[in-house]
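# Chain and residue survey
This is what each chain is made of:
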Amino acid sequence: MQDYSIEQPLYVSARSFRNLWQEYRIYTDRIELKSCFGRKVIRAGDILDVEVRPRVVIGDLFRGKGFKESLALKLDLADLFPHVAIHRSSGWFKHLRITPDDPDTFARICKSIMGKAD
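Read on for a plain summary of the structure.

## Overview of the environment of Phe37
- With respect to the element layout, Phe37 can be found in the loop between β3 (30-35) and β4 (38-43).
- A residue is classified by how much of its surface remains accessible, and Phe37, at 80% relative accessible area, is exposed.
- Expressed as a C-alpha distance, the spacing of Phe37 and Gln22, which sit 15 residues apart in the sequence, is 9.9 Å.

## So, the nonpolar core
- Ranked by internal contacts, the top residues of the largest apolar core, which has 18 residues, are Ile26, Ile31, Leu33, Ile42, Ile86, Ile98 and Phe106.
- Only β2 (23-26), β3, β5 (47-53), β7 (83-88), β8 (95-98) and α2 (103-113) provide two or more residues apiece to this core.
- Looking at this core, the element that brings in the most residues is α2, giving five residues.
- Look past the residues within four positions of Ile26 in its chain and what remains in contact with it is Pro9, Leu10, Tyr11, Phe106, Ile109, Cys110 and Ile113.

## Section: α2
- Among all positions of α2, only Pro103, Thr105, Phe106, Ala107, Ile109, Cys110 and Ile113 are buried.
- At the C-terminal side of α2, Gly115 shows a positive phi close to 80°.

## Side note on the environment of His83
- Residue position: His83 is located in strand β7.
- In this structure His83 comes out as buried when scored by relative accessible area, which is 0%.
- When sequence neighbours within four positions are dropped, the list of residues in contact with His83 reads Glu51, Val52, Arg53, Pro54, Arg55, Val57, Ala78, Arg97, Ile98, Thr99 and Pro103.
- In terms of polar contacts, His83 uses its side chain to reach the side chain of Arg97, at 2.8 Å.

## Here we look at the packing of aromatic side chains
- Inspection of the entire model under this criterion finds two aromatic pairs.
- Ring centres of Phe17 and Trp21 lie 5.9 Å apart, and the angle between their planes is 70°; on these two criteria the pair is classed as edge-to-face.
- Trp21 gets classed as exposed once you look at its relative accessible area, which sits at 52%.
- Seen from the ring of Tyr27, Arg30 lies directly overhead, with NZ or CZ sitting 3.8 Å from the centre.

## What to know about the pattern of salt bridges
- Evaluation of the coordinates by the stated rule reveals ten salt bridges.
- Measuring nitrogen to oxygen at the nearest pair gives 3.6 Å for the salt bridge that ties Glu23 to Arg15.
- Residue Glu23 is classed as buried on the basis of its relative accessible area of 12%.
- We note a salt bridge from Arg30 to Glu32, for which the minimum N-O separation is 2.9 Å. Assigned by exposure class, Arg30 and Glu32 land together as buried.

Parameters at a glance
- Residues numbered from 1 in each chain as written.
- Predicted model: local features only at pLDDT ≥ 70, side-chain atom pairs only at ≥ 80, totals over all residues.
- Heavy atoms only, no water.
- Helix = DSSP H or I, 4+ residues; strand = E, 2+ residues; numbered from the N terminus.
- Buried < 20%, exposed > 50% of the residue type's maximum accessible area, 1.4 Å probe, protein only.
- Core = buried A, V, L, I, M, F, W, Y, C linked by side-chain atoms within 4.5 Å.
- Contact = heavy atoms within 4.5 Å.
- Polar contact = N/O pair within 3.5 Å; in protein donor to acceptor, adjacent residues only side chain to side chain.
- Phe/Tyr/Trp six-rings, centres within 6.5 Å; stacked < 30°, edge-to-face > 60°.
- Lys NZ or Arg CZ within 6 Å of the ring centre and 35° of its normal.
- Salt bridge = Lys/Arg side-chain N within 4 Å of Asp/Glu carboxyl O.

So, to be careful, I would describe these as geometric facts and stop short of saying anything about function.
Structure follows, in structure tokens:
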């Protein structure tokens, strides 16, 4: 198991009401989603797509997105604010929605690490 304790993140999203005081971090090889339920790690190699989406997730069904993307796992208040849609290749839920403090910057940095193997 790799020791991540000394590595500096590329981006840390500030905790706020809209992300339910969760912390989202981007590292060179992964994204970490920290909440009261623990830490979820998404490896950079598993990220297929990242984009900023408007509020109301189910509305993506009418914006030309597929059914699966419209029923994504929302980890915070993504229905109320512009948010980041993450499509990954593995895991129970392939489509995730999160609301970092700066969705555009978060998505841009995520795209820069996409496809990197562990």
